[in-house]
Amino acid sequence: MREVRLRFSKTGRLKYISHLDINRAMGRAFKRAEIPLWYTEGFNPHPYMSFSLPLSLGVESLCESVDIRLIDSISNSDIKDRMNSVLPADLKIVDVYDDFRDNSEIVYSDYVYKFQFADNEEALEKISDLLSGEEIIALKKGKQGRRKVLKETNIKPFIDKYNVSIRDDIIVLNIRLLAGGEKNLNPSLLFDTIIRLIDMDFEWKSIARISLLDKDYKEFR
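Residues numbered from 1 in each chain as written. Predicted model: local features only at pLDDT ≥ 70, side-chain atom pairs only at ≥ 80, totals over all residues. Heavy atoms only, no water.

### Brief notes about the overall build of the chain
No. 1: Within the chain, the regular secondary structure consists of four helices and 10 strands.
No. 2: Reading the secondary structure of the chain in the N-to-C direction produces β-α-β-β-α-β-β-α-β-β-β-β-α-β.
No. 3: Each principal axis of the C-alpha atoms in the chain carries an extent, and together these give about 60 × 50 × 30 Å.
No. 4: Here the chain, with 221 residues, has 44% of them falling under the buried criterion.
No. 5: Considering only contacts in the chain between residues 6 or more positions apart, those separated by 24 or more positions represent 73%.
No. 6: Surface summary for the chain: the accessible area is close to 12,500 Å², and the carbon and sulfur share equals 47%.
No. 7: Distance between charge centres in the chain, computed from 35 positive and 36 negative side chains, equals 6 Å. (Helix = DSSP H or I, 4+ residues; strand = E, 2+ residues; numbered from the N terminus. Buried < 20%, exposed > 50% of the residue type's maximum accessible area, 1.4 Å probe, protein only. Contact = heavy atoms within 4.5 Å. Areas by Shrake-Rupley, 256 points an atom, 1.4 Å probe, with all protein chains shown as cover. Lys, Arg positive; Asp, Glu negative; His and termini not counted. Charge placed at Lys NZ, Arg CZ, Asp CG, Glu CD.)

Listed below in structure tokens is the structure:
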């Protein structure tokens, strides 16, 4: 039995499907592509698939991955070609490899946010002031007894570095967030917090995860 990692991108319309839907789509694609997967034992066998880091709904990504176990011989290039022939256009296998690291080594994630406002200059100034402050207070959903409440949380410690500017009439925010199993910041929560605190309506936005990094800022693979 051999274990391999498939690196894939999730873009376009598929950014609106959930992590569970991606899991199901991959499972069906492996079956259609006739990839010789290892199945778990027991009453309800299912193919072994281990994903690196769940992705927020509405966020694109260039660096997703899923680990599988193979029971028969098949080349990595053949796996890539077979999978891409059956997957939808916005879900693409970009690499398949054997030597990979444990998902617990993920510590940071790089994102690119793109915004457009009626007044980009004003929005840029407000976003810059917000991100440079000592605190960024987000409202996170929680529970108080049986009641659902919004709890104030300072998310500034979850931001490692950032750069924000205007390019071609679009505000571009490159930002590195904590993304490990113990400490992580949901990129959608950050977006919602920025919009709430600058108190401006956006006309268009996109969020994309472009890389995963370890504690030494080396690319996670």
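### Digging into empty space enclosed by the protein
No. 1: Inspection of every chain in the model, using the stated rule, returns one cavity of 30 Å³ or more.
No. 2: Put simply, the largest cavity is a space of about 70 Å³.
No. 3: The residue makeup of the lining of the largest cavity, split by class, is five nonpolar, one polar and two charged. (1 Å grid on protein atoms, 1.4 Å probe; cavity = no way out; pocket = protein on both sides within 12 Å on 5 of 7 lines; lining within 4 Å. Points joined across faces, edges and corners; volume = space filled by probe spheres on them. Nonpolar A, V, L, I, M, F, W, Y, C, P; charged D, E, K, R; others polar.)

### Quick word on the packing of helix α3 (residues 120-132) against helix α4 (residues 187-198)
No. 1: The contact between α3 and α4 brings their axes to 10 Å, and the two run at 115°. In terms of orientation, α3 lies roughly perpendicular with respect to α4. Crossing of α3 against α4: the hand is right-handed. Each of Lys126, Ile127 and Leu130 in α3 lies in contact with α4, whose residues at this interface are Ile194, Leu197 and Ile198. (Axes fitted to C-alpha atoms, helices over the stretch in contact; angles between N-to-C directions. Parallel < 35°, antiparallel > 145°, perpendicular 65-115°, else oblique. Left-handed = near helix turned anticlockwise from the far one by under 90°.)

### Describing the pattern of salt bridges
No. 1: Per the stated rule, a full pass over the model turns up 14 salt bridges.
No. 2: Note that Arg13 and Asp90 form a salt bridge whose closest N and O atoms lie 3.9 Å from each other. Here Asp90 lies in the loop between α2 (76-86) and β4 (91-97) and Arg13 lies in the loop between β1 (2-10) and α1 (19-32), a separation of 77 residues in the sequence.
No. 3: Ionic pairing is found between Asp216 and Lys215, a salt bridge with its closest N-O pair at 3.4 Å.
No. 4: Look at Asp216 and you get partly exposed, because its relative accessible area is 46%.
No. 5: Relative accessible area serves as the criterion here: at 60%, Lys215 is assigned to the exposed category.
No. 6: Each of the salt bridges in this network shares a partner with another, and the network as a whole consists of Arg101, Glu105 and Asp214. (Salt bridge = Lys/Arg side-chain N within 4 Å of Asp/Glu carboxyl O.)

### Focus on α3
No. 1: For α3, with 13 residues, the first-to-last C-alpha span of 18 Å sits near the 18 Å given by 1.5 Å per residue.
No. 2: Every buried residue of α3 is accounted for by Asn120, Ala123, Leu124, Ile127, Leu130 and Leu131. Seen along its axis, α3 keeps its buried residues to an arc of 135°; they face one direction. Counted as exposed and oriented over 90 degrees from the buried face of α3: Glu121, Glu125 and Asp129. (Expected span 1.5 Å × (residues − 1). Arc of directions from axis to C-beta.)

### Things to note about the nonpolar core
No. 1: Within the largest apolar cluster, 29 residues are counted, with the highest numbers of intra-cluster contacts made by Tyr113, Phe117 and Leu190.
No. 2: Counting residues per element, the ones that place at least two in this core are β5 (108-117), α3, β8 (159-167), β9 (170-178) and α4.
No. 3: Per element, the largest residue contribution to this core is six residues, and it comes from α4.
No. 4: With residues near it in sequence (within four places) discarded, Tyr113 still touches Ile171, Val172, Leu173, Ile175, Leu177, Pro187, Leu190, Phe191, Ser206 and Ile207.
No. 5: Listed in part, the 23 residues of the second largest apolar core include Ala29, Val66, Met83 and Leu91. (Core = buried A, V, L, I, M, F, W, Y, C linked by side-chain atoms within 4.5 Å.)

### A look at the layout of surface pockets
No. 1: Approximately 180 Å³ is the volume attributed to the largest pocket.
No. 2: Lining the largest pocket are 15 residues, and of these Pro54, Asn184, Leu185, Asn186 and Pro187 lie nearest its centre.

### Thoughts on α4
Residue pairs spaced three or four apart in an α-helix point in one direction, given the helix's 3.6 residues per turn.
No. 1: The end-to-end C-alpha distance of α4 is 17 Å, a good match for the 16 Å that 12 residues give at a rise of 1.5 Å each.
No. 2: A distance of 2.7 Å separates the backbone nitrogen of Ser188 from a side-chain oxygen at the start of α4, and that oxygen is part of Asn186.
No. 3: Among the residues trailing α4, Asp199 stands out with phi positive, at a value near 55°. (Polar contact = N/O pair within 3.5 Å; in protein donor to acceptor, adjacent residues only side chain to side chain.)

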